[in-house]
Amino acid sequence: MTKTVESLLDDICLLGDEQYALVTSVRKLIKTLIPNVSEDVKYGGILFSSGVQFCGVFAYKQHVSLEFSCGASIIDPHGCLEGSGKGRRHIKLHSAQSIKEKNLAHYLPLAWEAAKNRGQ
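The present account deals with the structure reproduced in this document. Numbers given to residues run from 1 along each chain, matching the order in which its sequence is written. Whole-chain, interface and lining totals are the exception, using all residues; otherwise, since this is a predicted model, local features are given only for residues with pLDDT of at least 70 and side-chain atom pairs are given and counted only at 80 or more. Hydrogens and water molecules were not included; the side-chain quantities draw on all heavy atoms of the structure.

Here we look at the overall build of the protein chain
Secondary structure elements follow DSSP: runs of H or I no shorter than four residues count as helices, runs of E no shorter than two count as strands, and numbering proceeds from the N terminus. When helices and strands are counted, the protein chain shows four helices and five strands. Starting at the N terminus and walking to the C terminus, you meet the elements of the protein chain as α-α-β-β-β-β-β-α-α. For the protein chain, the proportion of its 120 residues judged to be buried stands at 42%. Residues count as neighbours in contact if any of their non-hydrogen atoms are within 4.5 Å of one another. Taking all contacts inside the protein chain whose residues are at least 6 apart in sequence as the whole, residues at least 24 apart take part in 48%. Element-wise, carbon and sulfur atoms account for 52% of the exposed surface of the protein chain, whose accessible area totals about 6700 Å². Exposure is judged per residue with a 1.4 Å probe applied to protein chains only, and the accessible area is read against the type maximum: over 50% gives exposed, under 20% gives buried, and values in between give partly exposed. Surface exposure here means Shrake-Rupley accessible area, sampled with a 1.4 Å probe, where a residue is shielded only by the protein chains that are shown.

Okay, structure coming up:
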């Protein structure tokens, strides 16, 4: 049985109010910045697509992670991207203010563009 976004959000509530608030704030920001976003629950998180899959949000006990599928190709002037793998990068969020501090509004369109340009 495929889990819905709503049922996953119910599960995230069990992790804590902070994680739930972070996930819902990130979802809202993504939907504001990227046109025609669709959501799909996979791998224990919410994956976002707009023509191509470009990021996912995953809630953990101590933080929320925003994962970028093609993050390695994103220029990182703020030094917020973590990871050293061949393709992916992520940003860990620990509080509501970290959404602004870590410049998510800057990185989300870049992640979408990087995913669209993959394979070109």
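There's plenty left to go through after this.
Overview of unusual backbone geometry
Its identity as a non-glycine residue notwithstanding, Tyr 43 has a phi of 55°, on the positive side. Mapping Tyr 43 onto the fold places it in the loop between β1 (38-42) and β2 (45-49). The exposed category is assigned to Tyr 43, whose relative accessible area is 69%. Backbone geometry places Asn 103, a non-glycine residue, at a positive phi of 55°. Following the sequence through the fold, Asn 103 ends up in the loop between α3 (97-101) and α4 (104-117). Judged by its relative accessible area of 24%, Asn 103 falls in the partly exposed class.

Here's the deal with the pairing of β1
Pairing between two strands is assigned when DSSP locates at least 2 bridges connecting them. The sheet contact formed by β1 and β2 spans five bridges and is antiparallel. What sits directly across from Lys 42, in β2, is Gly 45. With antiparallel pairing between neighbouring strands as the criterion, β1 and β2 make up a hairpin whose turn holds two residues, including Tyr 43 at a positive phi of roughly 55°.

Side note on helix α1 (residues 5-15)
Along α1, the residues classified as buried are Val 5, Leu 8, Leu 9 and Ile 12. One side of α1 carries all its buried residues, which in axial view fall inside an arc of 100°. Relative to its buried face, α1 has exposed residues pointing more than 90 degrees away, namely Glu 6, Asp 10 and Leu 14. Of the surrounding secondary structure, the elements contacted by the buried residues of α1 are α2 (17-33), β1, β2 and β3 (53-59). Count one or two residues on from α1 and you reach Gly 16, which has phi positive near 145°. Throughout, the arc means the angular range of directions from the helix axis out to the C-beta atoms.

Concerning the side chain of Ser 69
Among the secondary structure elements, Ser 69 is positioned in the loop between β4 (64-68) and β5 (89-93). In contact with Ser 69, other than residues within four places in its own chain, are Gln 53, Phe 54, Cys 55, Gly 87 and Arg 88.

Examining the pairing of β2
Burial analysis of β2 places four of its five residues in the buried class, which makes it a mostly covered element. The pairing of β2 with β3 spans four bridges and is classified as antiparallel. Note that in β3 the partner of Phe 48 across the bridge is Cys 55. Joining the antiparallel neighbours β2 and β3 is a turn of three residues, in which Gly 51 adopts a positive phi near 85°.

By themselves these figures say nothing about function.
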